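Residues per chain are reported as follows:
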Amino acid sequence: MKLTIVDQGIMTKNEWGQLKQELKKTVGSNNFTTWIAPLELDDVAGEVASFAVPTSFFGNYVAQTFGDQILYHLRAIDPSIRRVNFAVPSTASNDPQAPRRAPAPRPKAAPSEPAETMADTRIPTAPLDPRFKFDTFVVGKPNELAHAAAKRVAEGGPVTFNPLFLYGGVGLGKTHLMHAIAWELQEQQPGLNVVYLSAEQFMYRFVQALRERKMMDFKEMFRSVDVLMVDDVQFIAGKDSTQEEFFHTFNALVDQRKQIIISADCAPGEIENLEERIRSRLQCGLVVDLHPTNYELRLGILQSKVEYYRGQYPDLMLADGVLEFLAHRITKNVRVLEGALTRLFAFASLVGQEITLELTQDCLADVLRASERQVTIEEIQRQVSEHYNIRLSDLVGPKRLRVYARPRQMAMFLCKQMTSRSLPEIGRRFGGRDHTTVMHGVRRIEELSRKDVQIAEDIELLRRTLEE
Ligand code: ADP
Ligand code: MG
């Protein structure tokens, strides 16, 4: 009989080499080449595995994006590792002559010890972004409800709504708010077991537990949590066994009156391929959405970032009107807006120039072009029916009364002008009308706009609102 004893205590560079290959399967080969292959295992001391990285940006990125997976794999070999650390080697430790610290001896598990006792009952939490706190979150009309709800949950009082369900489009601040809650709770009640993870990480852990036959540990781990946050839950839609497990975890925690916070890119009712019972469970608590940003909020966010940059670039000169210009032009999402500002400041400090409108247009030409407003047919229809105070169903429906027909023509006109859709396509979206009907409508509005001031004003107003 052959007996293989897996050495549970030592993580060697060699083993790291093999682990990397494991990681390649989960992160994909592009990510692997860029981010994982360059990682060198530097040292394992106590609970911490340290890796050498070329730059601190690299380190931060890897920690945020893959830290969790790396830790998971490491722990499969050496469960005493609880944290991973990515650091740029100081020049001293780069020196091959310099004495190296020997890894601290760690107790090895006796072979007879049952594996369960070694399992860590705390979940390694995904790293929280230090920038994502309440004091850096700018509140405006589009996000004030979500912010207020998040604040309330962060007080950590008795659970009043469960779950808190935050939803909204990409880059509108869902993750920021969730991290802010976690930071605040950890600060107020350090003993609280707050777990934040993405739905993808949830699934990853679940699959891993299945594969390693550690479902009991998995269940126990999640059920001992005080506050559970699952980000981007739409990810588990269509993934049946993960949904099932999520549902049980969810119910177990709700029964224990533990707070759950969920985010998704759309409302619970709109997530496709989500089991009905999960959907209705998710709707049981408080559902709040983050609306697309408006001009004021974007400007507010830009101003607060500028405050921050002033610390980094003390000589910074910023011409009047630049922030307003950006808030007008970059409407897509906050992430894009932030990226643009970062690039602008880095560029201006590099060339040592004042940030003027001209410099901005030069430096951000591609971003500005890409975020030229892409208005959709739906938006136009919604806006027009609101403007004329008629129902959307009447706008696209068959009624031919002037009160419906004129707004319909207006909407068709705007669709032709503001989107790149063809006439037949526009027709289809207006209750399956023929392209000649659309053409007639467009012409009619063109004619009217020349002689009817009211129509001309309507066009102008609608166009401006849609471009916002
Ligand atoms: P989501 O998770 O909704 O896709 P994030 O929370 O990751 O979006 O936000 C994207 C970026 O925009 C982050 O850097 C975040 O800090 C920033 N951001 C979003 N909303 C705000 C806000 N109201 N105030 C300040 N920063 C914001
Ligand atoms: Mg997010």
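The name that an unreviewed UniProt entry assigns to the protein is Chromosomal replication initiator protein DnaA, with the source organism given as Roseovarius nubinhibens. Regarding the protein, the UniProt comment filed under Subunit (unreviewed entry) reads as follows: "Oligomerizes as a right-handed, spiral filament on DNA at oriC."

Some remarks on a nonpolar patch on the surface
A cluster of nonpolar side chains, namely Phe 347, Leu 350 and Val 351, defines an oily patch on the protein surface of about 290 Å² accessible area. With respect to the secondary-structure elements, Val 351 resides in helix α13 (residues 334-351).

Re the nonpolar core
General note: in soluble globular proteins, nonpolar side chains tend to be found buried as a group. With 31 residues, the main nonpolar core has Phe 165, Leu 228, Val 230, Val 233, Phe 246, Ile 262 and Ile 271 as its most contacted residues. Looking at this core element by element, the count peaks at five residues for helix α9 (residues 240-255). Formed by 26 residues, the second largest nonpolar core is a distinct cluster that contains Phe 134, Ala 146, Val 153 and Met 229.

Notes on the packing of helix α18 (residues 402-418) against helix α21 (residues 453-467)
Remark: α18 packs on α21, axes separated minimally by 11 Å, with the N-to-C direction vectors making an angle of 50 degrees. Taken together, the axes of α18 and α21 are oblique relative to one another. Crossing handedness for the pair α18 and α21: right-handed. Judged by residue contacts, Arg 406, Met 410, Phe 413, Leu 414, Gln 417 and Met 418 of α18 engage Ile 455, Asp 458, Ile 459, Leu 462, Arg 463, Leu 466 and Glu 467 from α21. Among the residues making up the contact of α18 with α21, the classes are represented as eight nonpolar, one polar and four charged.

A word on the sheet that holds strand β6 (residues 227-231)
Pairing in this open sheet of five strands is parallel, and the strands run β5-β6-β7-β4-β8 from one edge to the other. The sheet terminates laterally at β5 (194-198) and β8 (286-290), the two strands that pair on one side only. Taking the axes of each pair of neighbouring strands and ignoring which way they run, one obtains an average angle of 15 degrees across the sheet. As judged from the five bridges shared by strand β4 (residues 164-168) and β8, these two strands associate in the parallel manner. Within β8, the position partnered with Tyr 167 by the bridge is Asp 289. Strands β4, β5, β6, β7 (259-264) and β8 of the sheet are contacted by helix α6 (residues 174-188), whose axis makes an angle of about 160 degrees with β6.

With respect to the UniProt feature "binding site: ATP" (unreviewed entry) in the protein
UniProt records the feature "binding site: ATP" (unreviewed entry) for Gly 171, Gly 173, Lys 174 and Thr 175 in the present numbering. Position of Gly 173 relative to the elements: it lies in the loop between β4 and α6. Judged by relative accessible area, Gly 173 falls into the buried class, the value being 15%. Those residues in contact with Gly 173 that sit more than four places away from it in its chain are Phe 137 and Leu 290. Position of Lys 174 relative to the elements: it lies in helix α6. You can call Lys 174 buried: its relative accessible area is 7%. When near neighbours in sequence (up to four residues on either side) are disregarded, Lys 174 contacts Leu 166, Tyr 167, Gly 168, Gly 169, Asp 232, Ser 263, Ala 264 and Leu 290.

Quick word on the site of ligand 1
Surrounding ligand 1, one finds 18 residues, the nearest of these being Val 138, Gly 171, Thr 175, His 176 and Glu 338. Note that a nitrogen atom of ligand 1 is positioned 2.8 Å from one of the backbone N or O atoms of Val 138. Here ligand 1 loses 94% of its free accessible area of 550 Å² to cover by the protein chains. Sorting the residues of the shell around ligand 1 by element identifies α6, α11 (295-312) and α13 as the ones contributing at least two each. Broken down by class, the residue content of the shell around ligand 1 amounts to seven nonpolar, seven polar and four charged. Shared between two domains, the shell around ligand 1 holds at least three residues of each, these being domain 2 (134-289) and domain 3 (295-371).

Concerning the pairing of β5
Of all five residues in β5, five are buried, a share of seventy percent or more. Every second residue of β5 is oriented toward a common face, with Val 194, Tyr 196 and Ser 198 on one face and Val 195 and Leu 197 on the other, all of them buried. Where β5 and β6 come together, five bridges link them in parallel fashion. Residue pairing for β6: Tyr 196 is matched across the bridge by Met 229.

Thoughts on helix α16 (residues 377-387)
Those residues of α16 that sit buried are Ile 377, Glu 379, Ile 380, Gln 381, Val 384 and Ser 385. Looking at the buried residues of α16, the elements they touch are α17 (392-396), α18, α19 (423-429) and α21. Backbone geometry just after α16 places Asn 389 at a positive phi near 60 degrees.

How each quantity is defined
Sequence positions are assigned chain by chain, starting from 1 and proceeding in written order. Whichever chain is written first becomes A and whichever ligand is written first becomes 1, with later ones labelled in order. At least 70 in pLDDT is required for a residue's local features to be given in this predicted model, at least 80 for side-chain atom pairs to be given and counted, and no such filter applies to totals for whole chains, interfaces and linings, which use all residues. The side-chain quantities take in all heavy atoms of the structure and omit both hydrogens and water. UniProt positions are given in the numbering used here, feature names are shortened, and annotations may be inferred rather than shown by experiment. Only residues whose relative accessible area exceeds 30% and that take part in no salt bridge are eligible for patches, with like-charged residues grouped when within 9 Å of each other and nonpolar side chains (Val, Leu, Ile, Met, Phe, Trp, Tyr) grouped when within 5 Å. Only the protein chains shown count as cover for residues, and the accessible areas themselves come from Shrake-Rupley with a 1.4 Å probe. Any carboxyl oxygen of Asp or Glu within 4 Å of a side-chain nitrogen of Lys or Arg constitutes a salt bridge here. Here a helix means four or more residues in a row that DSSP labels H or I, a strand means two or more in a row labelled E, and each is numbered from the N terminus. Residues enter a nonpolar core if they are buried and are Ala, Val, Leu, Ile, Met, Phe, Trp, Tyr or Cys, with the set joined through side-chain atoms within 4.5 Å. Relative accessible area decides the class of each residue, using a 1.4 Å probe on protein chains only: under 20% of the type maximum gives buried, over 50% gives exposed, and in between gives partly exposed. Each axis is a line fitted through C-alpha atoms, taken for helices only over the stretch in contact, and angles between the N-to-C directions span 0 to 180 degrees. These descriptions rest on fixed angle ranges, namely under 35 degrees for roughly parallel, over 145 for roughly antiparallel, 65 to 115 for roughly perpendicular, and the rest for oblique. Helix crossings get a hand from a simple test, with the near helix turned counterclockwise from the far one by less than a right angle marking a left-handed crossing and a clockwise turn marking a right-handed one. Only heavy atoms enter the contact rule, under which two residues are in contact if any of them lie within 4.5 Å. Polarity classes work like this: nonpolar for Ala, Val, Leu, Ile, Met, Phe, Trp, Tyr, Cys and Pro, charged for Asp, Glu, Lys and Arg, and polar for all others, with Gly in that last group. Two strands qualify as a pair provided DSSP detects at least 2 bridges between them. Being near a molecule or strand, for a residue, means having at least one of its heavy atoms within 4 Å of it. We call two N or O atoms a polar contact when they sit within 3.5 Å, provided that within protein one can donate a hydrogen and the other can accept it, with sequence-adjacent residues counted only if both atoms are side-chain atoms. Note: domain ranges come from an automatic or database domain assignment.

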